[in-house]
Amino acid sequence: MRINDPTPIPPAASRIIGAAALVLLLFVPLVIRDIYWIDMGITILIWASLATAWNISGGFAGGLSLGHAAFFGVGAYTSTLLFLRLGITPWIGIFVGAVLAGLLGALLGVITFRLKGPFFVLATLAFGIVIHIINVNWRGLTRGAAGLLLPFRGGPQNMLFLNLWAYWYVALGLLVLTVGISAAIERSRLGYFLVALREDEDAARSLGVRVVRSKVVAAATSAALAACVGSVYAAFIQYIDPDSTTQFELSVQIALVAIVGGMGTTFGPLLGAAIVIPLGEILRARLGGGAALVVYGILLMVIVLTAPNGAIAGVRMLVRRVRLFIDSRRKADA
Amino acid sequence: MQLVLQIVANGLLIGGLYALLAVGLTLIFGVLRVVNFAHAEFMMLGMYGAYWLWSIYGLDPYISVFLVTPVIFLLGVAVDRLIIQRSIGKPDVTVVFATLGLSIFLQNAVLTLWTADIRSVSTFATGSVFVVGGVRLSVAMTISFAAAMLFALGLWFFLTKTMYGKGIQAVAQNRRAAALMGIDVKRAYLITYSVAVAAAGAMGVLVAPIFTIFPRVGQTQIVTIFVIVVLGGLGSVPGAVIAALLVGIIRSGAGFMFGTAWGELAYFAVFLLVLIVRPQGLFGRRGAEVYGG
């Protein structure tokens, strides 16, 4: 049941790679001018954050959730409704949404922590569908299928920008937040508890791992971060409806991005977003939505059957090869 | 009273159709320990099979069911060989997402090939009703119900009276002990999966004259089937049949009282509650949920 590759990239190397990538991402706006690619870049960042949020409960703790769109939707609707109804800026709304989703995630964690494998998956799926049905039918609050349009009022103080690049930096900030929390959890006591639980719950419990508390904290953190992404998404697209926020397909895609990249690792979901989102966009433009999803389906089957560690495992192998090569050169020189 | 009888009768008819789908899904879980997310897509393929044979050759679904079902069976054999056998014994993520990927693939392959247009099949029975004791029953629905029950009966006969079926039951109880008794476990998996999806395909053909046909029709049904199967106890065949009839009645009753949408919400809430309070379902073996995956 080992999900992690036995030879992870050493922390020092991953810190250097992360810092270098961040610097590169900061300067991307100076290089790329094409609106299509800017839009794509922001979408990739948003999905990378979302998959990272999923990965905290799905990857580290092994609770494969097919209901995460619910938390994304709670975030999107909370910040948007607070703005529309009460004039509260999304900069505050994003935290209200995160707290709400965090509580909801904790609740789901408390009632499902005992369920294993397919039973857990089905419970999260049912939870996601319940939220979706409420979203579609509670028209007094959400306006149902008509959706909510964010009027362009205010500007930066309301997380609404005229310049597309501003969204790039907002999305990048969000990614730094989610990846930072994810990496901190991975290296914390909690992170080791979660992996121990994932690999063998009974053994972990007998060694004193606090099962319920660890799982609930992971579920709540994951849900709260997914909600933050939802709020940013709503400000970026400026229109939300049940189909684009709480639908089952969205939950599947969140999990798909993390799995393709490599679940249970910090960088896997980022790699997944960088692969899946441009691929999906290009296929959709060339062949249409149906054909793009045909490829998603095949990709998902091939990855989980032949490389359940995801694309990150390939990258790790490459890093190890390079290091071995450098080491052998050094020895040859000496 | 008349109204109650009518609601119960409608519920039973629709529940009987769901039973054919639910029995296959629960059988696959009981024997292979795989939750077949793609199950309802085989129903969708069966519906399209019925549609094309009807619109091109004018074949009635009640005849074409004998042509489509074997084709879906063969498709099941291929899927088992290519995907299911490779995912057994792997981590949960493989077991869950391989069939989910298959479901996405099948849905959208059909969407790409045959567009999202809504299609329907009409037969001699379409639109006609008959009255029994003041209760109006759709002729098409009743024929499909009877055929579905015959299929289910055949499945039961196969499982309990034939050597293959007994082997499958043995594997469901304990795959290691079954292997030690000389049962070919892989073949039991193959037969179970193919027979179960063929039943889903047959159900698809039988409901083609009743439901509208479109690529995502499976997706609208699969969650209901999950509700039924979990309620009956994942892996329990009689549980699935009883739960299917029960859900059929609840659905038509709740739909009548609260409207379709909120009625749906009610039974998802029940589903969550069953999962949390009694994950083995109403009729499942205790401890079945522990093995999950």
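Conventions and cut-offs
- Residues numbered from 1 in each chain as written.
- Chains lettered and ligands numbered in written order.
- Predicted model: local features only at pLDDT ≥ 70, side-chain atom pairs only at ≥ 80, totals over all residues.
- Helix = DSSP H or I, 4+ residues; strand = E, 2+ residues; numbered from the N terminus.
- Rg over C-alpha atoms; globule rule 2.2 N^0.38 Å.
- Buried ≥ 20, exposed ≤ 12 C-beta atoms within 10 Å, placed from the backbone.
- Contact = placed C-beta atoms within 7 Å.
- Pairing = 2+ DSSP bridges.
- pLDDT = per-residue confidence, 0-100.
- Axes fitted to C-alpha atoms, helices over the stretch in contact; angles between N-to-C directions.
- Parallel < 35°, antiparallel > 145°, perpendicular 65-115°, else oblique.
- Left-handed = near helix turned anticlockwise from the far one by under 90°.
- Nonpolar A, V, L, I, M, F, W, Y, C, P; charged D, E, K, R; others polar.
- Expected span 1.5 Å × (residues − 1).

**Student:** An account of the overall build of chain B is needed here, citing residue identities and associated values.
**Tutor:** From N to C terminus, chain B includes 12 helices and two strands. Scanning chain B from its N terminus toward the C terminus, one meets helices and strands in the order α-α-α-α-β-β-α-α-α-α-α-α-α-α. Taking 293 residues into account, the globule formula puts the C-alpha radius of gyration at 19 Å, and chain B, at 19 Å, falls close to it. Counting across all 293 residues of chain B, residues that qualify as buried make up 55%. If you take every contact in chain B between residues at least 6 apart in sequence, the share linking residues at least 24 apart comes to 77%.

**Student:** Give a detailed account of the overall build of chain A, specifying residues and quantitative values.
**Tutor:** Looking only at helices and strands, chain A has 15 helices and two strands in total. Scaling as 2.2 N^0.38, a compact globule of 334 residues should have a C-alpha radius of gyration of about 20 Å, and chain A matches this with 20 Å. Counting every position in chain A, which comprises 334 residues, the buried fraction comes to 50%. Sequence separation of at least 24 residues holds for 79% of the intrachain contacts in chain A that already meet a minimum separation of 6.

**Student:** Talk me through the pairing of strand β2 (residues 135-138) of chain B; I want residue IDs and the actual numbers.
**Tutor:** All names here are of chain B. Relative to β2, strand β1 (residues 129-132) is paired through four bridges, and the arrangement is antiparallel. Across the sheet, the residue bridging to V131 is R136, located in β2. Following β1, the chain reverses through two residues before pairing antiparallel with β2; G133 in that reversal takes a positive phi of roughly 55°.

**Student:** Could you give an account of the confidence of the model for chain B, with specific residues and numbers?
**Tutor:** Residues and elements named next belong to chain B. Per-residue confidence for chain B gives a mean pLDDT of 85; residues scoring 70 or more make up 97%. Predicted confidence for residues 287-293 stays below pLDDT 50, and this span has 20 contacts to residues more than four positions away or in other chains. Two summary scores accompany this predicted model of the complex, namely pTM at 0.87 and ipTM at 0.85.

**Student:** Can you lay out unusual backbone geometry for me, pointing to particular residues and giving the numbers?
**Tutor:** Residue and element names in this part refer to chain A. Unlike most non-glycine residues, R143 shows phi in positive territory, near 60°. For R143, the position within the fold is in the loop between α6 (139-142) and β1 (148-149). The phi angle at Q238 is positive, at roughly 65°, despite the residue not being glycine.

**Student:** Give a description of the packing of helix α2 (residues 39-57) of chain B against helix α9 (residues 217-232) of chain B that names residues and reports values.
**Tutor:** All names here are of chain B. The N-to-C vectors of α2 and α9 enclose an angle of 135°; their axes lie 8 Å apart at closest approach. Here α2 is positioned oblique relative to α9, judged by the angle of their axes. With respect to the hand of their crossing, α2 and α9 are arranged in right-handed fashion. Residues H39, A40, E41, M43, M44 and M47 of α2 form the contact with α9, whose own contacting residues are V217, G218, Q219, Q221, I222 and I225.

**Student:** Before we move on, can you summarise the interface of chain B and chain A with the specific residues and values?
**Tutor:** If you look at the interface, chain B gives 39 residues, while chain A gives 35 residues. Those elements giving two or more residues to the side of chain B that touches chain A turn out to be α3 (61-87), α4 (92-114), α9, α11 (260-277) and α12 (288-291) of chain B. At 15 residues, the largest contribution of residues to the side of chain B that touches chain A is made by α4 of chain B. Here the side of chain B that touches chain A is built from residues that sort into 27 nonpolar, seven polar and five charged.

**Student:** Please set out the confidence of the model for chain A residue by residue, giving values where relevant.
**Tutor:** In the predicted model, chain A carries a mean pLDDT of 86, and the fraction of residues at 70 or more is 96%. Scored below 50 in pLDDT, residues 1-6 of chain A shows 12 contacts in the model against residues more than four places distant or in partner chains.

**Student:** I'd like a description of the packing of helix α3 (residues 69-86) of chain A against helix α5 (residues 117-137) of chain A, backed by residues and values.
**Tutor:** Residue and element names in this part refer to chain A. The geometry of α3 relative to α5 is characterised by a closest axis approach of 8 Å and an angle of 35° between their N-to-C directions. Here α3 contributes A69, A70 and G73 to the contact with α5, which in turn contributes F127, G128, I131 and N135. Of the residues that constitute the contact of α3 with α5, the class distribution is four nonpolar, three polar and no charged.

**Student:** Account for α3 of chain A, with residues named and values stated.
**Tutor:** The end-to-end C-alpha distance of α3 of chain A, which contains 18 residues, comes to 25 Å, matching closely the 26 Å that a straight helix rising 1.5 Å per residue would cover. A positive backbone phi angle near 70° is found at G87 of chain A, which sits one or two residues after α3 of chain A.

**Student:** Before we move on, could you go through α2 of chain B and cite the residues and values that matter?
**Tutor:** At 3.6 residues per turn, the α-helix brings residues three or four places apart onto the same side. Residues and elements named next belong to chain B. A rise of 1.5 Å per residue sets the reference length of α2, with its 19 residues, at 27 Å; its end C-alpha atoms lie 27 Å apart and thus fit the reference within 8%. Taking burial as the measure, the 19 residues of α2 include 15 buried ones, the bulk of the element. Two residues or fewer after α2 comes G58, characterised by a positive phi angle close to 70°.

**Student:** Now, about the environment of S236 of chain B: what can you tell me, with residues and values included?
**Tutor:** Residue and element names in this part refer to chain B. Secondary-structure assignment places S236 in the loop between α9 and α10 (237-258). Classification of S236 as buried rests on a count of 24 C-beta atoms within 10 Å. Measuring from C-alpha to C-alpha, the distance between S236 and F214 comes to 30 Å, with 22 residues separating the pair along the chain.

**Student:** Account for the environment of L150 of chain A, naming residues and giving values.
**Tutor:** All names here are of chain A. With respect to the secondary-structure elements, L150 resides in the loop between β1 and α7 (164-187). With 20 C-beta atoms counted inside 10 Å, the residue L150 sits in the buried group. Note: C-alpha distance between L150 and Y239 (89 residues apart in sequence) is 5.9 Å. Sequence-distant contacts of L150, that is, excluding residues within four places in its chain, are made with T80, A234, Q238 and Y239.

**Student:** Give a description of the environment of V23 of chain B that names residues and reports values.
**Tutor:** All names here are of chain B. Mapped onto the elements, V23 comes out in helix α1 (residues 2-32). With 104 residues separating them in the primary sequence, V23 and G127 have C-alpha atoms 29 Å apart. Non-local contacts of V23, meaning those with residues more than four positions away in its chain, are made with A152, L155, A199, V237, A240 and V241.

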